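Architecture at a glance
If you want the building blocks of each chain, they are given just below.
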Amino acid sequence: MRRLRAPWLLAITLCLLGTVAALTSGVGQRETPGPCQVASKKPLPRIKEASGLTLSRRSSGVLWTLNDSGQPMLYAFDASGTIRGQVRVSNATVVDWEDVSAARCPAGDCLYIAEIGDNQRHRSAVTVERIPEPEP
């Protein structure tokens, strides 16, 4: 699996937001999204090796990402690449985080963090953390 590097994260984000905007524009209308086009790339501070990306269910225009390794932190940012906040995931350990997703859960809206990476093929178990989606 190829990991995304932080400078490409904004390009993917803008493409994703453009597609979502195209699909949800107008009342009762659906436009066909066009190809993703990005004029420039912008590195995101503190995000050295982004390993997942999801749209927030609670905060319009916010996306969540995480680093593949390091501290158990989630980062919220907007389409311009501005970091809107960071949240430490308590009681979590990062060995090789690979993805983050947003979905409904018993608490309302949650983020699911996949601790599933196994580059060396030594992992005997995987973990999926579920936390209530925080405010950025």
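Residues numbered from 1 in each chain as written. Predicted model: local features only at pLDDT ≥ 70, side-chain atom pairs only at ≥ 80, totals over all residues. Heavy atoms only, no water.

On a plain count of helices and strands, the protein chain comes out with one helix and seven strands. Classification of the 136 residues of the protein chain by burial places 40% in the buried group. Here the analysis covers contacts within the protein chain between residues at least 6 apart in sequence; of these, 47% occur between residues at least 24 apart. Of the roughly 8,100 Å² of accessible surface on the protein chain, 51% is carried by carbon and sulfur atoms. (Helix = DSSP H or I, 4+ residues; strand = E, 2+ residues; numbered from the N terminus. Buried < 20%, exposed > 50% of the residue type's maximum accessible area, 1.4 Å probe, protein only. Contact = heavy atoms within 4.5 Å. Areas by Shrake-Rupley, 256 points an atom, 1.4 Å probe, with all protein chains shown as cover.)

Pairing between the strands of a sheet is mediated by backbone hydrogen bonds and can be parallel or antiparallel. In space, the four strands of this open sheet follow the order 1-2-3-4, with antiparallel pairing throughout. Two strands in the sheet have a free side with no partner beyond their single neighbour: strand 1 (50-55) and strand 4 (83-88). With strand direction ignored, the average angle separating the axes of adjacent strands in the sheet is 25°. Of the strand pairs in this sheet, strand 1 and strand 2 (residues 63-67) are connected by four bridges, and their pairing is antiparallel. Bridging from a neighbouring strand, Leu53 pairs with Thr65 of strand 2. (Pairing = 2+ DSSP bridges. Axes fitted to C-alpha atoms, helices over the stretch in contact; angles between N-to-C directions.)

Counted by the stated rule, this structure contains four salt bridges. The closest approach of N and O atoms between Asp109 and Arg104, which form a salt bridge, is 3.4 Å. We note a salt bridge from Glu115 to Arg123, for which the minimum N-O separation is 2.7 Å. According to the relative accessible area criterion, Glu115 is buried, its value standing at 5%. (Salt bridge = Lys/Arg side-chain N within 4 Å of Asp/Glu carboxyl O.)

Before going further, it helps to spend a moment on the sheet that holds strand 6 (residues 108-115). Taken together, the three strands give an open sheet; going across it, the order is 5-6-7, and neighbouring strands pair in antiparallel fashion. Only two strands of the sheet have a single partner each, and these edge strands are strand 5 (97-105) and strand 7 (127-132). Within this sheet the neighbouring strands show an average axis-to-axis angle of 25°, counted without direction. Across six bridges, strand 6 lies against strand 7 in antiparallel orientation. Bridge pairing links Ala114 to Val128 in strand 7.

Attention now goes to unusual backbone geometry. At Asn91, a residue that is not glycine, the phi angle is positive and equals roughly 60°. Structurally, Asn91 is set in the loop between strand 4 and strand 5. A positive phi angle is found at Arg121, which is not glycine, with a value near 60°. What makes Arg121 exposed here is its relative accessible area of 75%.

Let us now look at the side chain of Thr65. Positionally, Thr65 belongs in strand 2. Looking at Thr65, its side chain comes within polar contact range of the main-chain oxygen of Gly52, at 2.6 Å. (Polar contact = N/O pair within 3.5 Å; in protein donor to acceptor, adjacent residues only side chain to side chain.)

Turning to the confidence of the model for the protein chain, a few remarks are in order. For the protein chain, per-residue confidence averages 79 on the pLDDT scale, and 71% of positions sit at 70 or higher. With pLDDT under 50 throughout, residues 1-8 is counted as low confidence; its partners more than four residues away or in other chains account for 18 contacts. Here residues 19-30 is modelled with pLDDT under 50, and outside its nearest four sequence neighbours on either side it reaches ten contacts, counting other chains as well. (pLDDT = per-residue confidence, 0-100.)

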